[in-house]
Amino acid sequence: MPASSPWRQPVVWLMLVMIGLVVAAGITTWFLAAADGPMDVVPDDVTRTGQIQQADLDPDVRATRMQLTAIVRIDPAHDLVEVLPVSGDFDHAQPLHLRLLHPAQAQSDLQLTLTPHETGWRVQATPSLDHDWQLQLEPASPPRWRLHGRLPKGQQAAHLHPALASGPP
């Protein structure tokens, strides 16, 4: 019987194809891992000590103690974003900063400065409603407090509340 070439054996080709797939998957994984931008949607400043991350929760504690809650309303018909106080002791003379954080693309984040209005605060703006937004509301100047919320895709209003349920952690 004549000896056959190793290139005519299907097992050799199967082995080469599998090695090629592993190399391609490794290169793809490397490109995905090296992509620009974090996947983290939490915009808080963090202090890193060893492998421990610590965030400043004082604004959240202050908002809990003040019992602050609010509603953010987007009115695309009038190009308005409004913040309406629900509970707590808000300083109605002070402007507010509203951060709309895109769930995956930090370059799409928006920061709006809302000015006092008779019912709350408002600003002329029309954020896109074709994806979810993480919301963060805080005063323009000290004392600092912070409210959080989520505006699901297509909705025009969201409830904002402190991140902590009660008191310091």
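On a predicted model such as this, the values are computed, not experimentally measured, just so you know.

Asks: Explain the nonpolar core to me, and be specific about the residues and the numbers.
Replies: Counting residues in hydrophobic clusters, the biggest one holds 24 residues, and the most contacted among them are Val81, Leu135, Leu137 and Leu147. For this core, the secondary-structure elements that each account for two or more residues are β3 (69-75), β4 (80-87), β5 (96-101), β6 (110-117), β7 (120-124), β8 (133-139), β9 (147-151) and β10 (157-160). Beyond its immediate stretch of four places on either side in the chain, Val81 contacts Val72, Arg73, Ile74, Leu98, Leu112, Leu114, Trp121, Arg122, Val123, Ala125 and Pro127.

Asks: Describe the sheet that holds β5, naming the residues involved and giving the relevant values.
Replies: If you trace the eight strands from one edge of the open sheet to the other, you get β9-β8-β5-β6-β7-β4-β3-β10, paired in antiparallel fashion. Each edge of the open sheet is held by one strand with a lone partner, namely β9 and β10. When strand polarity is set aside, the average angle formed by the axes of neighbouring strands in this sheet is 25°. Two strands pair when backbone bridges link them, and β3 and β4 are joined in this way by seven bridges, in the antiparallel orientation. For Ile74, the partnering residue across the bridge sits in β4 and is Val81.

Asks: Let's hear about the pattern of salt bridges: which residues, and what values?
Replies: Pairing is possible between side chains of opposite charge, provided their charged atoms come close. Under the definition given, this model contains five salt bridges. Arg146 serves as the salt-bridge partner of Asp60, at 2.7 Å between the closest nitrogen and oxygen. Pair noted here: Asp60 is in helix α2 (residues 58-65) and Arg146 is in the loop between β8 and β9, with a separation of 86 residues, a long-range link. Residue class for Asp60 comes out buried when judged on its relative accessible area of 2%. Close ionic contact of Glu82 with Arg122 constitutes a salt bridge, the shortest N to O distance being 2.4 Å.

Cut-offs used in this document
- Residues numbered from 1 in each chain as written.
- Predicted model: local features only at pLDDT ≥ 70, side-chain atom pairs only at ≥ 80, totals over all residues.
- Heavy atoms only, no water.
- Core = buried A, V, L, I, M, F, W, Y, C linked by side-chain atoms within 4.5 Å.
- Buried < 20%, exposed > 50% of the residue type's maximum accessible area, 1.4 Å probe, protein only.
- Helix = DSSP H or I, 4+ residues; strand = E, 2+ residues; numbered from the N terminus.
- Contact = heavy atoms within 4.5 Å.
- Pairing = 2+ DSSP bridges.
- Axes fitted to C-alpha atoms, helices over the stretch in contact; angles between N-to-C directions.
- Salt bridge = Lys/Arg side-chain N within 4 Å of Asp/Glu carboxyl O.

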